[in-house]
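# Results of the structural survey
Listed here are the chains, written in short residue letters.
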Amino acid sequence: MRDILPADKARRERVLTVIRERYLAHGFDEIETPALEEYSRLHSGMGGDNEKLAYNVLRRGMDAEAIREGADDAAALSDLGLRYDLTVPLARFFASNRGQLPGVFRAIQIGPVWRAERPQKGRYRQFVQCDIDIMGDDSSRAEAELMVASLDAVDALGLDGASVRINDRRVLDWMLDAFGFTADERPGVLITIDKLDKIGPDGIVRELRERDATASAVDAFETFLRRPQTMEFNPFGERQIRKALPGNAPDEIVDHLVGIGEAVAAGRGIEGDIPLVFDPFLVRGMGYYTGTIFELAHPSVPYSLGGGGRYDGMIGRFLGQQVPAVGFSLGFERLVDLVDLGADADAQAVVLVHDADVPVAELVAHKAALIRSGSRVRLERRVKNFKALLERSAADGYTAFATVSAGAEVGALELKPLT
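Residues numbered from 1 in each chain as written. Predicted model: local features only at pLDDT ≥ 70, side-chain atom pairs only at ≥ 80, totals over all residues. Heavy atoms only, no water.

With that settled, the discussion passes to the layout of surface pockets. Computed from the structure, the second largest pocket encloses a volume of approximately 370 Å³. Together, 15 residues line the second largest pocket, and Arg227, Gln229, Thr230, Lys243 and Ala244 are the ones closest to its centre. A per-class count over the lining of the second largest pocket returns seven nonpolar, four polar and four charged. (1 Å grid on protein atoms, 1.4 Å probe; cavity = no way out; pocket = protein on both sides within 12 Å on 5 of 7 lines; lining within 4 Å. Points joined across faces, edges and corners; volume = space filled by probe spheres on them. Nonpolar A, V, L, I, M, F, W, Y, C, P; charged D, E, K, R; others polar.)

With that settled, consider the sheet that holds strand 1 (residues 29-30). Strands sit in the order 1-5-6-11-10-9-7-8 across an open sheet of eight strands; the sheet is mixed. Each edge of the open sheet is held by one strand with a lone partner, namely strand 1 and strand 8 (276-278). Note: strand 10 (residues 306-310) against strand 11 (residues 325-330), five bridges, orientation antiparallel. In the strand pairing of strand 11, glycine 306 is matched with leucine 330. Running at roughly 5° to strand 6 (residues 126-135), helix 1 (residues 6-25) makes contact with strand 1, strand 5 (105-114), strand 6 and strand 11 of the sheet. (Pairing = 2+ DSSP bridges. Helix = DSSP H or I, 4+ residues; strand = E, 2+ residues; numbered from the N terminus. Contact = heavy atoms within 4.5 Å. Axes fitted to C-alpha atoms, helices over the stretch in contact; angles between N-to-C directions.)

Turning our eyes to something else, we now look at the environment of alanine 356. By the secondary structure assignment, alanine 356 is in the loop between strand 12 (349-354) and helix 15 (360-372). The sequence separation of alanine 356 and serine 405 amounts to 49 residues, and the corresponding C-alpha distance is 8.8 Å.

The next thing to look at is the sheet that holds strand 4 (residues 78-82). Pairing within the open sheet is antiparallel, and its three strands lie in the order 2-4-3. Each having just a single partner strand, strand 2 (36-38) and strand 3 (56-58) make up the two edges of the open sheet. The mean angle between the axes of side-by-side strands here comes to 40°, regardless of whether they run parallel or antiparallel. Sheet topology places strand 3 next to strand 4; three bridges connect them, and they run antiparallel. Across the sheet, residue asparagine 56 finds its bridge partner in strand 4, namely glycine 81.

It is worth spelling out the side chain of threonine 192 at this point. Mapped onto the elements, threonine 192 comes out in helix 8 (residues 186-193). Overall, threonine 192 belongs to the buried group, its relative accessible area being 0%. Side-chain polar atoms of threonine 192 contact the side chain of glutamate 207, separated by 3.0 Å. For threonine 192, the residues in contact, after removing those within four places along its chain, are Ile204, Glu207, Leu208 and Arg211. (Buried < 20%, exposed > 50% of the residue type's maximum accessible area, 1.4 Å probe, protein only. Polar contact = N/O pair within 3.5 Å; in protein donor to acceptor, adjacent residues only side chain to side chain.)

Attention shifts here to helix 8. The buried fraction of helix 8 amounts to six of the eight residues, a majority that puts the element mostly inside the structure. If you check which residues of helix 8 are buried, you get Arg186, Gly188, Val189, Leu190, Thr192 and Ile193.

This brings us to the pattern of salt bridges. Summed over the entire model, instances satisfying the criterion amount to 34 salt bridges. One salt bridge in this structure joins arginine 165 and aspartate 279, with 2.4 Å as the shortest N-O distance. Placement of the pair is arginine 165 in strand 7 (residues 163-168) and aspartate 279 in the loop between strand 8 and strand 9 (292-297), with a sequence separation of 114 residues. In this structure, a network of salt bridges that share partners links the residues Asp202, Arg209, Asp219, Glu222 and Arg226. (Salt bridge = Lys/Arg side-chain N within 4 Å of Asp/Glu carboxyl O.)

Our next topic: the packing of aromatic side chains. To describe a pair of aromatic rings, you give the distance between the ring centres and the angle between the ring planes. In total, this model carries eleven aromatic pairs according to the counting rule given. A ring pair is formed by phenylalanine 179 and phenylalanine 221, whose centres lie 5.2 Å apart and whose planes are at 45°; its orientation type is tilted. Residue phenylalanine 179 is found in helix 7 (residues 169-179), and its partner phenylalanine 221 is found in helix 10 (residues 215-225); the two are separated by 42 residues along the sequence. Each of the two residues, phenylalanine 179 as well as phenylalanine 221, counts as buried. In this structure, arginine 2 is placed above the aromatic ring of tyrosine 124, and the distance from its NZ or CZ to the ring centre is 3.6 Å. The ring of phenylalanine 386 is capped by arginine 382, whose NZ or CZ atom sits 5.0 Å from the centre of that ring. (Phe/Tyr/Trp six-rings, centres within 6.5 Å; stacked < 30°, edge-to-face > 60°. Lys NZ or Arg CZ within 6 Å of the ring centre and 35° of its normal.)

Another point: the side chain of aspartate 396. Mapped onto the secondary structure, aspartate 396 falls in the loop between helix 16 (386-395) and strand 14 (400-404). In terms of polar contacts, aspartate 396 uses its side chain to reach the side chain of arginine 378, at 3.3 Å. Sequence-distant contacts of aspartate 396, defined by excluding residues within four places in its chain, comprise Ala7, Arg376 and Arg378.

We now examine unusual backbone geometry. Of note in the backbone geometry, aspartate 212 takes a positive phi value of approximately 60° without being a glycine. Structurally, the position occupied by aspartate 212 is in the loop between helix 9 (196-210) and helix 10. If you check the backbone angles, asparagine 248 has positive phi at about 65° while not being a glycine. Here asparagine 248 falls in the exposed class, since its relative accessible area comes to 75%.

Below you can see the structure in the form of structure tokens.
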């Protein structure tokens, strides 16, 4: 966890403002959920490895004896925990408030989440997530709306050229079944496949054999990985999808993916090359995904800038009936490091540098006059190192300054640019 200094905070808020405005323009409504959720919800088995990283809250009123008795049972010690993502809270929110929400609900959630990560570069124990989700729509329209809105937000941040890698959990299940892996083997096999871009085909095959996966299935998978492939470029569509899969891929799933691409192309107002890439080995580790999964990619960085997928089974756990749902989460902490929106050009920020003998009433009057004109104003007493004071003010986002002497006329100060 970290402190954020004023200039960084201002930059983060500018990025959040752009994202929020683009999502609102696409018809999403912002909600807010508590930082704390019930322990049983956070540890329902759907959060994957994130459940192991949850911060749990000790039950109130427990004495030392009760704590000792429950030492081996986290559920006995804790009844609440800090949210580790925004999806589990959203499912609970929708189940609790469904009667007040439209049949198809488009939600924005922006807020901090907490995970007990090992401290290392780029991984924080408290970080901001920016999510949009659609509940109540089981058609490809929902995925397309999420992708178009997210690509629009990234464009508005100045990151042109972004694309979305897309797959479907049902494709993965069908493919592993076609190779001959058993249902019990699938979770471990998927964990290995998820490392393909890091350890390559040789590493994947070696790890699968070390896992004692079904030998004939590993052989079939290795043959598929090493199959001859042409270097021709195929834009996103049925041909790209079928060429990336074993033969006889299910028509229903392929048609669903093709429909998403057509809708994204229409939403982006483009013809031809759609900003989607089918990746049959895209896994995403969250246990609640049931269908389409996707990740946001940009050519400037080797890592994803967000992702999401369809999780039709989660809300039903809280509501008692199934509700289709799909979500997209932007990696805000990664985005904010790439984006440079500059200062708000429409808002003038002024530093008033005053002498020690200027009466307080005069200072407040000068400040109020500038605020009424739409400026942001800071008062600073003149110091010996005047240049350093101005440099610090510029670093904090201020754009102009004026010096104030006793008796100066209100509204008549001479403003000078800081840069």
